Amino acid sequence: MGMGTGIAWVLLLIIGVTAWRLLVADSLPVTRDEAYYFDWARQLAWGYFDHPPGVALVGVGTWLAPGSALAARLGAVALGGLSLLVLWRLYRASGLSSGNGLLLALILSVASIPGLVAGVITTPDTVLMLCWPLALHEALRALQGQRKRWLTAGLATGLGLLGKYSMVMIGPVFLWALLRADPRALRTPWPYLGGLVALLVFAPNLVWNAQNDWLTLRFQFGHGFSTDSGSIRLAADALPTVTGAHAYTHEPSSESMDWGERLSSLGGYLGEQLLFWGLLLVPIGIALWRVGRRSHQLAGQRPAGQHSDESPGQRTHQHSDKYSGWHRWWRFARNLNERFARSLGRRFAGITPECNQTISVRATNMLDPAAVSLLGAAALVPLGLFALVALGSEVEANWAAPYLIGAAPFVALLLRRSAGRGLGIDGWALLAAAGNLVLISIYVLHAVTAFPPLPDTAGRALRETRGFETLADYSARLPEPVVADRYQFAAMLNFYQPQLAVSQWPGITRPSEYGRGRIAPLPDPQALQQTGFWLLARKFSAPEIAGFEAVEIRSLYSCPDGRFTAVDGAAAWEAGGCDDPVNVWRLYRYRAQAFPEVEASRHTQTR
């Protein structure tokens, strides 16, 4: 495959994936968290309750056409396309080329489950999945001799921190790569100036946090490590309080995990990281088995006492039996580039044994040595860090997803290394990547049409999206103001009917950005005393709100076939007209509570 042909295939991949993402972005209704971030985009700031401001900026497409999923997601699609271009440049700079795994590495990266979703669904990870490879690319160029590129690496890092705080993981990655590939750079000002650039870019969010009681940092610390980060005070706390069974209380568990729970948490976390590869796990598993088998066969062919990378007599073989298993795997991993790169380089780059003495390091090695250190750390640091966190608290699967970017080149080389005759493992990997694309497309089809039917455990996308547009239209026709018991419901109503300006009533579910009264005005208690209000809730009994009483109940149903039904009263689950509704909500109408003396006065007047 020539250079021009290779670039053509890469560009075709980028265009094809972007076109698929545009189709999905237009077809799939917005999810609840997306609607929340799109509500942030209407009031841009340097920080928000849950995250730094990057995701809000990505969602400014909602300004173009309120209520349009495609317009709102244009930013995510654009950043997804840019991330593919950056990945291409990163993997090329790492030593891969069109003939030795560049296209395969790019396909592996984009065909993982997070890779397919990142350019469609708008989340803080959308920013992270662009800035992470961009920072790696600039750092790699700096490690390869252009030390001033630490400044642009710092710029990418600062932008990543404005998207998601987990970008901070790039720091240990850089340090390890510097120590391994270019320790002399630590005697120059460039790495430190790069760190200063990152800090300066990130500084507006730090200032915002300082002005807002370190709100986002404390929330994320408590959320990430399941610990108490102190009470959070919001403007919404001035509203009448919620009491009784539905009052929200959040107290981190004081009981530490036992070792059984810790190992279970760790195993679940590692399993989720593996499942990110989807069907690609099949060719990866086969490739690992083939490499292990070949290593075992090579070991069996060596004279007794000779190691795989030593001549007879260099070292005794006193412990060969002891290390016959794991030691061989360790030595294979350590010497992957050294032992096999020359033969693979000749095979894919057209290098002959006769010119071996004049071959450059980059021509003979599949990956640049600096790239091995940098990308290896970029894969292992996120995995290792959150593995440690999983031993003490719950970890969300997407937190470690950036590891896929660093791992993809190594997996591509593994697949090329184990390729045999015929289609080969790398060919099967391409089919598995296409299979992942088909599976995600089927899941999107299910979310849009409820077909094909899936188990309830796999129906999250349907529950996240179905019926909310009709619910918003229904709420817009109510004469009284509407509030919600949780931020997701408020966000969905505001996405489809922005004029409602729905806020979240505090004290029923966990607090959110709505509690600050910036992205939607807080309800005025005095005005509500006069008009009353409706509370949209998932609760199947009315929350007790001080000074108000629930006087009317409506049950709302969204069915898989798209039907929307409103029933007066606290109706049963089956009253919606379908056997298994996708979503069921309750609307509670509240009015000012009549005090006993007022009721007595009214009763006397009527007599």
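A brief look at the structure comes next. Just so it is clear, the model here is predicted, and its values are computed rather than measured. (Residues numbered from 1 in each chain as written. Predicted model: local features only at pLDDT ≥ 70, side-chain atom pairs only at ≥ 80, totals over all residues. Heavy atoms only, no water.)

Examining the nonpolar core
No. 1: Counting 94 residues, the largest nonpolar core has Y91, L108, W132, L136, W277, L280 and L374 as its most contacted members.
No. 2: Apart from the residues within four sequence positions on either side, Y91 is in contact with L96, L102, A105, L106, S109, I405, A408 and P409.
No. 3: Core analysis: the next-biggest nonpolar cluster, separate from the first, contains 35 residues, F38, Y48, W534 and L536 among them. (Core = buried A, V, L, I, M, F, W, Y, C linked by side-chain atoms within 4.5 Å. Buried < 20%, exposed > 50% of the residue type's maximum accessible area, 1.4 Å probe, protein only. Contact = heavy atoms within 4.5 Å.)

Topic: unusual backbone geometry
When glycine is set aside, most residues are seen to have a negative phi, and most peptide bonds are trans.
No. 1: In this structure, P452 follows F451 across a cis peptide bond, with omega equal to -5°.
No. 2: The backbone of A501 shows a phi angle near 50°, a positive value even though the residue is not glycine.

Some words on the packing of helix α13 (residues 281-301) against helix α19 (residues 424-449)
No. 1: As a packed pair, α13 and α19 sit with axes 9 Å apart at the nearest point and diverge in direction by 160°. As the angle between them shows, α13 and α19 are arranged roughly antiparallel. Where α13 crosses over α19, the two elements pack in a sense that is left-handed. Contact with α13, carried on its side by P283, I286, A287 and R290, involves I425, W428, A429 and A432 of α19 and no other residues of that element.
No. 2: When its residues are assigned to classes, the contact of α13 with α19 shows 7 nonpolar, no polar and 1 charged. (Axes fitted to C-alpha atoms, helices over the stretch in contact; angles between N-to-C directions. Helix = DSSP H or I, 4+ residues; strand = E, 2+ residues; numbered from the N terminus. Parallel < 35°, antiparallel > 145°, perpendicular 65-115°, else oblique. Left-handed = near helix turned anticlockwise from the far one by under 90°. Nonpolar A, V, L, I, M, F, W, Y, C, P; charged D, E, K, R; others polar.)

What about the pattern of salt bridges?
No. 1: With the rule as written, the count across this model stands at 14 salt bridges.
No. 2: Salt-bridge contacts for D39 lead to R42; the nearest nitrogen and oxygen are separated by 2.7 Å. (Salt bridge = Lys/Arg side-chain N within 4 Å of Asp/Glu carboxyl O.)

Re the sheet that holds strand β5 (residues 548-558)
No. 1: Ordered by their spatial adjacency, 5 strands build an open sheet running β2-β3-β7-β5-β6, and the pairing between neighbours is mixed. The sheet is open, and its two borders are formed by β2 (482-484) and β6 (564-568), each paired with just one other strand. Across the sheet, the mean angle separating the axes of adjacent strands is 25° when strand polarity is ignored. (Pairing = 2+ DSSP bridges.)

Examining the packing of aromatic side chains
Two aromatic rings are characterised by how far apart their centres lie and by the angle between their planes.
No. 1: Following the criterion strictly, the structure yields 21 aromatic pairs and no others.
No. 2: Seen from their ring centres, Y474 and F564 are 5.9 Å apart, and the 50° between their planes marks the pair as tilted. Pair noted here: Y474 is in helix α21 (residues 468-476) and F564 is in strand β6, with a separation of 90 residues, a long-range link.
No. 3: The partly exposed category is assigned to F564, whose relative accessible area is 22%.
No. 4: What links up through ring pairs into an aromatic cluster is the set Y36, Y37, W40, Y48, Y487 and Y514.
No. 5: Across from the ring centre of F489, 5.1 Å away, lies the NZ or CZ of R486, which sits over that ring. (Phe/Tyr/Trp six-rings, centres within 6.5 Å; stacked < 30°, edge-to-face > 60°. Lys NZ or Arg CZ within 6 Å of the ring centre and 35° of its normal.)

Section: the side chain of D50
No. 1: Inspection of the secondary structure assignment puts D50 in the loop between α2 (32-41) and α3 (54-58).
No. 2: The buried category is assigned to D50, whose relative accessible area is 3%.
No. 3: Within the structure, the side chain of D50 is placed 2.5 Å from the side chain of Y36, a separation counted as a polar contact.
No. 4: If we ignore the near neighbours within four places in the chain, the residues touching D50 are Y36, W40, T216, F219, Q220, R510 and E513. (Polar contact = N/O pair within 3.5 Å; in protein donor to acceptor, adjacent residues only side chain to side chain.)

With respect to the pairing of β6
No. 1: Sheet analysis places β5 next to β6, joined by 5 bridges and oriented antiparallel. Along β6, the bridge assignment pairs S558 with F564.
No. 2: Hairpin remark: β5 followed by β6, antiparallel, with 5 residues in the connecting loop; positive phi at G562, about 100°.

As for the environment of T31
No. 1: Looking at where T31 falls in the secondary structure, it is placed in the loop between α1 (3-27) and α2.
No. 2: Along the backbone, T31 and Q488 are 457 residues apart, and their C-alpha atoms lie at a distance of 8.9 Å.
No. 3: Discounting residues that sit within four places of it in the chain, T31 has contacts with R73, I121, E464, T465 and M492.

Comments concerning a negative patch on the surface
No. 1: Where like charges cluster on the molecular surface, the negative patch consists of D456, E574, D579 and D580.
No. 2: The topology assignment puts D456 in the loop between α19 and α20 (460-465). (Patch = residues over 30% accessible without salt bridge, like charges linked within 9 Å, V, L, I, M, F, W, Y side chains within 5 Å. Areas by Shrake-Rupley, 256 points an atom, 1.4 Å probe, with all protein chains shown as cover. Lys, Arg positive; Asp, Glu negative; His and termini not counted. Charge placed at Lys NZ, Arg CZ, Asp CG, Glu CD.)

Looking at the packing of helix α8 (residues 149-163) against helix α10 (residues 190-211)
Helices that pack against each other are described as a pair by the angle of their axes relative to one another and the distance between those axes.
No. 1: In the contact formed by α8 and α10, the axes pass within 7 Å of each other and the chain directions differ by 25°. Considering the angle they form, α8 stands roughly parallel to α10. Between α8 and α10 lies a crossing of right-handed hand. Across from W150, L151, G154, L155, T157, G158, L159, L161 and L162 in α8, the residues of α10 making contact are W190, P191, L193, G194, V197, A198, V201, F202 and N205.
No. 2: The residue inventory of the contact of α8 with α10, partitioned by class, reads 13 nonpolar, 5 polar and no charged.

Considering the environment of V120
No. 1: Tracing the sequence through the fold places V120 in the loop between α6 (113-118) and α7 (124-143).
No. 2: A residue is classified by how much of its surface remains accessible, and V120, at 3% relative accessible area, is buried.
No. 3: For the pair formed by V120 and T18, sequence separation is 102 residues and the distance between their alpha carbons is 9.2 Å.

Some remarks on α8
No. 1: Here α8 is 15 residues long and its end C-alpha atoms lie 21 Å apart, about the 21 Å a rise of 1.5 Å per residue gives.
No. 2: Buried residues of α8: W150, A153, G154, A156, T157, G158, G160, L161, L162 and G163, and no others.
No. 3: Buried residues belonging to α8 abut α3, α7, α9 (170-181) and α10. (Expected span 1.5 Å × (residues − 1).)

What to know about the pairing of strand β3 (residues 533-537)
No. 1: With 5 of 5 residues buried, β3 lies mostly within the body of the structure.
No. 2: Side chains of β3 alternate between two faces, with F533, L535 and A537 and W534 and L536 buried alike.
No. 3: For β2 and β3, the ladder comprises 3 bridges, and the chain directions are parallel. Following the sheet pairing, V482 is matched in β3 by W534.

Things to note about a nonpolar patch on the surface
No. 1: On the surface, L11, I15, L82 and L85 cluster together to form a nonpolar patch covering roughly 340 Å² of accessible area.
No. 2: Of all the secondary-structure elements, those providing two or more residues to the nonpolar patch are α1 and α4 (69-93).
No. 3: Summarising the element assignment, I15 is placed in helix α1.
No. 4: Its relative accessible area of 58% is what places I15 among the exposed residues.

Let's talk about empty space enclosed by the protein
No. 1: Within the structure shown, the criterion is met by 3 cavities of 30 Å³ or more.
No. 2: Volume-wise, the largest cavity comes out at about 160 Å³.
No. 3: The wall of the largest cavity is formed by 19 residues, among which R21, S83, G115, A118 and M129 lie closest to the centre.
No. 4: Mapped by element, the contributors of at least two residues to the lining of the largest cavity are α4, α5 (102-111), α6, α7 and α18 (403-417). (1 Å grid on protein atoms, 1.4 Å probe; cavity = no way out; pocket = protein on both sides within 12 Å on 5 of 7 lines; lining within 4 Å. Points joined across faces, edges and corners; volume = space filled by probe spheres on them.)

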